[in-house]
Amino acid sequence: MTKSTLNVKNVAPAGSDELARTICAAHDNRPDALLEIFHDLQHDLGYVPEETLTVIADILNRSRAEIYGVLTFYHEFRRTPGGQHTIKICRAEACQAMHTQELCRHAQDKLRVKFGETTADGKFNLEAVYCLGNCALSPAMMIDGDLYGCVDKERFDDIIADIDRGATA
Amino acid sequence: MTKARTAIRVYVPRDAAALSMGADSVARAIAAEAKKRGDKVEIVRNGSRGMLWLEPLVEVETPEGRIAYGPVKTSDVEDLFGTGFLEGKAHRLCHGLTAEIPYFKNQERLTFARVGLIDPLSIEDYRKYDGYVGLTKAMAMEPIDIVDQVTKSGLRGRGGAAFPTGIKWKTVHDTHNAQKYICCNADEGDSGTFADRMLMEGDPFCLIEGMTIAGIAVGATKGYIYVRSEYPHAVDTLREAIRIANRANWLGRNIQGSPYHFDLEVRMGAGAYVCGEETSMLESIEGRRGLVRYKPPLPAIEGLFGKPTVINNVLSLGSVPIILDKGADYYRDFGMGRSRGTLAFQLAGNIKQGGLVEKAFGVTARELIEGYGAGTLSGRPIRAVQFGGPLGAYLPEHLLDTPMDYEEFTKVDALVGHGGIVVFDDTVDMAAMARFAMEFCTIESCGKCTPCRIGSTRGVETMDRIIGGIERERNIEILTDLCETMTDGSLCAMGGLTPMPVMSALRHFPEDFHRPVQAAAAE
Ligand SMILES: Cc1cc2nc3c(=O)[nH]c(=O)nc-3n(C[C@H](O)[C@H](O)[C@H](O)COP(=O)(O)O)c2cc1C
Ligand code: SF4
Ligand code: FES
Ligand code: FES
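Residues numbered from 1 in each chain as written. Chains lettered and ligands numbered in written order. Predicted model: local features only at pLDDT ≥ 70, side-chain atom pairs only at ≥ 80, totals over all residues. Heavy atoms only, no water.

*Asks:* Quick question: what am I supposed to make of the overall build of chain B here?
*Replies:* Counting its secondary structure elements, chain B contains 22 helices and 16 strands. Relative to a compact globule of 523 residues, whose C-alpha radius of gyration would be 24 Å, chain B shows 24 Å and is just as compact. C-alpha atoms of chain B, sized along the principal axes, occupy 80 × 60 × 40 Å. Taken over 523 residues, chain B has a buried fraction of 62%. Element-wise, carbon and sulfur atoms account for 52% of the exposed surface of chain B, whose accessible area totals about 18800 Å². Taking the average location of the 59 positive side-chain charges in chain B and that of its 68 negative ones, the two points are 4 Å from each other. (Helix = DSSP H or I, 4+ residues; strand = E, 2+ residues; numbered from the N terminus. Rg over C-alpha atoms; globule rule 2.2 N^0.38 Å. Buried < 20%, exposed > 50% of the residue type's maximum accessible area, 1.4 Å probe, protein only. Areas by Shrake-Rupley, 256 points an atom, 1.4 Å probe, with all protein chains shown as cover. Lys, Arg positive; Asp, Glu negative; His and termini not counted. Charge placed at Lys NZ, Arg CZ, Asp CG, Glu CD.)

Structural data, given as C-alpha cells:
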C-alpha cells in the first residue's frame, strides 16, 4: 500500500453501499444518528468512502452536501483508506509537560511518516490528538482503542514491535 | 501457601488509566498464578481509586480491609504470591490498607464515594453502597422540591462555567412541553482532566441515577450522554450499565413501579473539542456539524431538537444522587464562599503523584500539588501550572496559595473550570505554550465567527514573530490587541477564552517572550 496522501482517487470496496444501507437500518434510518453511522462504517472499512454518502443522504433524507459537511467537520473520520492500525499520540498540555514533543518527533522518525500519514508498509496511521484522558500518566498514546500511559521512546518502540509481530497489545 | 476454602477477592481496576499501564495482563497473570498454586481467587475489575501513579493498583480483601499493592507489573505477580499477598502480607509494593493511605484517606469523597470501591457493573454493589437511595427519595417528592434541593445544595456546573444547576433545572421545569431532554456533556476535552471518564468507568450507575433524577425533576423522559470518541472504555461501560439498568427497571417505563419513565442513549463524538460547548454538542447529537448556536434562545427553552433541554456535565449530574440522598444541607456544608460542595481535582502533567483528589472547595492549589501530588515528577522546581484546561490560565509558583474557589480564582484572572491542574517544571517555555494555545484554537475553532477563526491564525503568526525575535515590542502589542478582540468579539468561549492562557503566560512569564532567538526557533 502507498501513503494515504497519495491515494487521491479511492475506489470504495465492493458492497460498501450495501453495508451503508445495513448500518443505517441498524440505526432505524434516523437522520440524527449520522455520527454513529459514520463510526460504524469506519469501524468496518477503516474509513468512510465518499461513494457511500449519496446512499446515506437518500436514506436519511438529507442533502449529500450536508452529509459531506458533517463528515469533514470531525477530525476522527477518515475519507481515505489508511493503514491497519491507527496510532494516536497526545500532544496536549499535560503530555507536553512530560515532553510529548520528543515522543512525537521520535514516532515520526521511527515510522518515517508525518502526522496524518500512513506508513509505507500500510501498517500504521499516525495521528496527533489532543488529550486522551490519561493526563496523570503522560505522555499518552492510543492504538486502535487501546490506551497506553507513560510512553517514552523505548516503550513506544516496544509497543510498536509487539503489534508488528502480531501479538495482542 | 494459602488454601482458603472461599475464594479471596482480588481487585484489579478496569479503568482506562490502569489498563494503559497493563492492568489486563496483570489480571490474567494473577488468575494464572492462582490456578498454578491451587489458590482460589475471585478477580473483581473495579474502577480506579484515583492514585494513578500506583496503577495498576491491586487490592486484596482481608478481614482487616483491602490491602493495596502497586504499581504491579506482570513480572511482580509470582513474587507477590510467594510472599503471601493473598493474606495481605508485606511486600515492597505493599501500601497497607487502601483506606489508610493518606492521599486517599484525607479526601472528601462525595461524588466519587463508590469509584474504585465497587464493581462498576454490579447494581447489587451499587445499591449496597447507597446507590438509588437518592432516586427513591426523589420519586416520592414533588418535582419542584427536587429542583429546590439542588438549588439549595449550592451545586454549580462542573463543566467549566459554574452556573447554578438548580436555576437551570428550574427554567426547564417551568417550560410547558410534552417533550424535554436531559443531555449529559461527557465530551471532557480539557487537557489535564479525566474525572468524568473515571466516574463513567468506575460508577456508571451514579451518572444514570443523576440523570434520571434530573428527568423526573424537570419532566423529561429521554436523556442522551454525549461521550467523546477518545473514551471507548467509558462508552462500553455506559452502554452495558444502561442495559443492566433497563433490565432491572431502574430505567425504562414505570421505573420501580412509579409513574415515571426515563430512557437513555449514548452518543459518541468524533474528535472535535468544540463539541464540548453545549450548543455545538446539541448540533452534534442531532447529527450535524458542531457549529456553535447563537443564544438566545437558551437550550433550556429551545435545546435538543428544539425542545427544552437540561445540559449538564457528568460531575454535576453525578453529584445529584448524594444531594437527594443526604440532603441539600449536607452537600452545602462542604466548601467555601459561593463554591459549595466538593470538586474532583485532577493532578496531571509533570507531577509525582498524579491522580484524582476530591476535596471541598477552599483547599489551596499548593496543598493539592505539593501535599497530594508531592511536586514534580522530574524533581525540578515547579514553574507554571495551568488550571481549568486549555482555555485556562497559567499561574506562577507564587500564586499557588490561592484557594480553589471560583471567585478567588477570578480575582487572579484564572479559572477553576473542570478542576484540571497541569504542572510544568522549569524547563517549560511559556512563549511556546502561548503559541500552542493559539494553534489549538486554529485546529478546534468551529469557524462560525471571525475573531476566533481568523484571530487564532493571526495569533500563531504573531507568536512566531515574537519567538523569532522580529519586532518583539510591536508584536507583543499586536498580540495583546488581538487577544482583546478575541475576548470581546467571539461567539463562544473557545475564541473568547483562548486569550486567557496566552495573556497569563505573557503577564507572569514575560521573560520567555524575550529570550535570545534559538537557531531552530520554528516548531
Ligand atoms: C470550547 C468549549 C468546550 C467545552 N467543553 C466542555 C466539556 O468537555 N464538558 C463540559 O461539561 N462542558 C464543556 N464546556 C462547557 C459547556 O458549554 C457547558 O457550560 C456545560 O456543559 C454545562 O454543564 P454544567 O452547567 O453542568 O457545567 C465547554 C465550553 C466551551 C466553550
Ligand atoms: S468562538 Fe470559535 S468556536 Fe466559538 S463560535 Fe466562534 S468560531 Fe466557533
Ligand atoms: S493531555 Fe495528554 S492525555 Fe490528557
Ligand atoms: S472580525 Fe469581528 S470583531 Fe474583529
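*Asks:* What is the right way to look at the sheet that holds strand β1 (residues 85–90) of chain A in this model?
*Replies:* Residue and element names in this part refer to chain A. If you walk across this open sheet you meet the four strands as β2-β1-β3-β4, and the pairing is mixed. Strands with a single pairing partner mark the edges of an open sheet, and in this sheet they are β2 (124–129) and β4 (146–148). Each strand axis lies, on average, 20° off the axis of its neighbour in the sheet, ignoring direction. Note: β1 against strand β3 (residues 141–143), three bridges, orientation antiparallel. In the sheet register, K88 faces β3, and the bridge partner there is M142. (Pairing = 2+ DSSP bridges. Axes fitted to C-alpha atoms, helices over the stretch in contact; angles between N-to-C directions.)

*Asks:* What should I look at first to understand the packing of aromatic side chains in this one?
*Replies:* Any aromatic ring pair is given by two values, namely how distant the centres are and how the planes are angled relative to each other. One pass over the structure, following the stated rule, counts 20 aromatic pairs over all chains. Summarising the aromatic geometry, the rings of A:Y130 and B:F436 are spaced 6.1 Å apart at their centres and angled 35° between planes, so their arrangement reads as tilted. Taken together, the residues A:Y130 in the loop between β2 and β3 and B:F436 in helix α18 (residues 430–444) connect one chain to another. Judged by relative accessible area, B:F436 falls into the buried class, the value being 4%. Where B:F436 meets B:F440, the ring centres are 6.1 Å apart and the plane angle is 25°; that geometry is what we call stacked. (Phe/Tyr/Trp six-rings, centres within 6.5 Å; stacked < 30°, edge-to-face > 60°.)

*Asks:* When you look at the interface of chain B and chain A in this model, what are you seeing that I'm missing?
*Replies:* Accessible area lost during the coming together of the parts is what is often quoted as the interface size. At the junction of the two partners, chain B supplies 64 residues and chain A supplies 44 residues. Of the roughly 3900 Å² buried between chain B and chain A on both sides combined, carbon and sulfur atoms contribute 56%. On the chain B side of the interface with chain A, the three residues burying the most area are B:A270, B:R289 and B:F436, jointly 15% of the side's total. Across the contact surface, chain B and chain A share four salt bridges. (Contact = heavy atoms within 4.5 Å. Buried area = accessible area lost by both parts, 1.4 Å probe. Salt bridge = Lys/Arg side-chain N within 4 Å of Asp/Glu carboxyl O.)

*Asks:* Help me out: how do you make sense of helix α2 (residues 23–37) of chain B in this one?
*Replies:* For the α-helix, the turn length of 3.6 residues means that residues three or four positions removed from each other point alike. All names here are of chain B. Compared with the 21 Å implied by 1.5 Å per residue over 15 residues, the 21 Å span of α2 between its first and last C-alpha is a close match. Lining the buried residues of α2 we find β1 (8–11), α1 (16–19), β2 (41–44), β3 (58–62) and α3 (77–82). G38 occupies a position one or two residues after α2 and carries a positive phi of about 75°. (Expected span 1.5 Å × (residues − 1).)

*Asks:* Would you mind going over the state of the cysteines with me for this structure?
*Replies:* Scanning the model with the defined rule gives zero disulfides over all chains in all. There is no disulfide at B:C206, and the cysteine sulfur nearest it, in B:C184, is 11 Å away. (Disulfide = S-S within 2.5 Å.)

*Asks:* Could you clarify how one ought to interpret the site of ligand 2 in this entry?
*Replies:* Taken together, the neighbourhood of ligand 2 is formed by 13 residues, with B:C446, B:C449, B:C452, B:C492 and B:G495 sitting nearest. Looking at the shell around ligand 2 residue by residue, the class counts come to eight nonpolar, four polar and one charged. (Near = heavy atom within 4 Å. Nonpolar A, V, L, I, M, F, W, Y, C, P; charged D, E, K, R; others polar.)

*Asks:* Looking at this structure, I do not really get the nonpolar core. What am I missing?
*Replies:* Nonpolar side chains in soluble globular proteins tend to end up buried together. Counting 157 residues, the largest nonpolar core has A:F38, A:I56, A:Y74, B:W169 and B:V227 as the members making the most contacts within it. Considering every element that reaches this core, the biggest residue donor is helix α10 (residues 204–218) of chain B, with ten residues. B:L54, B:A162, B:I351 and B:A414 belong to the second-largest nonpolar core, a separate cluster that totals 35 residues. (Core = buried A, V, L, I, M, F, W, Y, C linked by side-chain atoms within 4.5 Å.)

*Asks:* Quick question: what am I supposed to make of the site of ligand 1 here?
*Replies:* All names here are of chain B. Surrounding ligand 1, one finds 18 residues, the nearest of these being G159, N185, N312, N313 and S316. Within the contact set of ligand 1, an oxygen atom lies 3.0 Å away from a backbone nitrogen or oxygen of E278. Considering ligand 1 on its own, with 610 Å² of exposed area, one finds that the protein chains cover 91% of that surface. Of all the elements in the fold, those that place two or more residues in the shell around ligand 1 are β9 (309–313) and α21 (493–497). It is β9 that contributes the most residues to the shell around ligand 1, three residues altogether. Classifying every residue of the shell around ligand 1 gives four nonpolar, eight polar and six charged. (Polar contact = N/O pair within 3.5 Å; in protein donor to acceptor, adjacent residues only side chain to side chain.)

*Asks:* In this structure, what is going on with the pattern of salt bridges? I would like to understand it.
*Replies:* Side-chain pairs of opposite charge can arise where the charged atoms are in close proximity. Scanning the model with the defined rule gives 54 salt bridges over all chains in all. Its salt-bridge partner being B:R197, residue B:E201 comes within 2.8 Å of it at the nearest N-O pair. Remark: B:R197 and B:E201 occur in helix α9 (residues 195–202); sequence separation between them is four residues, near one turn of the helix. On the basis of relative accessibility, which here comes to 1%, the residue B:R197 falls in the buried class. Among the charged side chains, a salt-bridge network with shared partners connects A:R30, A:D32, B:K222, B:E265 and B:R267.

*Asks:* So what exactly am I meant to see when it comes to the packing of helix α1 (residues 16–26) of chain A against helix α2 (residues 34–45) of chain A here?
*Replies:* All names here are of chain A. Direction vectors running N to C along α1 and α2 enclose 135°, while the axes themselves pass 10 Å from each other. Put simply, α1 runs oblique to α2. Between α1 and α2 lies a crossing of right-handed hand. Contacts between α1 and α2 involve S16, L19, A20, I23 and C24 on the former and, on the latter, I37, D40, L41, D44 and L45. Partitioning the contact of α1 with α2 into residue classes produces seven nonpolar, one polar and two charged. (Parallel < 35°, antiparallel > 145°, perpendicular 65-115°, else oblique. Left-handed = near helix turned anticlockwise from the far one by under 90°.)

*Asks:* Would you mind showing me how to read the confidence of the model for chain A here?
*Replies:* Detailed conclusions should not be drawn from predicted coordinates in areas where pLDDT is low. Put simply, chain A has an average pLDDT of 92, and 92% of its residues get 70 or more. Low pLDDT, under 50, characterises residues 1–9 of chain A; the predicted model gives this stretch 16 contacts beyond four residues in sequence or across chains. (pLDDT = per-residue confidence, 0-100.)

*Asks:* In this structure, what is going on with the pairing of strand β7 (residues 222–227) of chain B? I would like to understand it.
*Replies:* Walk down a regular strand and you will see the side chains alternate between the two sheet faces. All names here are of chain B. In terms of residue burial, β7 counts as a mostly covered element, since six of its six residues are buried. The alternating pattern of β7 places K222, Y224 and Y226 on one face and G223, I225 and V227 on the opposite face, and all of these are buried. Examined bridge by bridge, strand β6 (residues 181–186) and β7 share six bridges and lie parallel to one another. Counterpart to C184 in the pairing with β7 is I225.

*Asks:* How do you make sense of the sheet that holds strand β16 (residues 420–425) of chain B when you look at a structure like this?
*Replies:* Backbone hydrogen bonds are what pair the strands of a sheet, in a parallel or an antiparallel way. All names here are of chain B. The five strands lie next to each other as β13-β12-β16-β14-β15, forming an open sheet whose pairing is mixed. Where the open sheet ends on each side, the last strands, each with one partner, are β13 (355–360) and β15 (394–396). Each strand of the sheet is rotated relative to its neighbour by a mean of 30°, with strand direction disregarded. Strand contacts of helix α16 (residues 365–372): β12 (342–349), β13, β14 (382–387) and β16, with the helix running at about 120° to β14, the strand carrying the most contacts.

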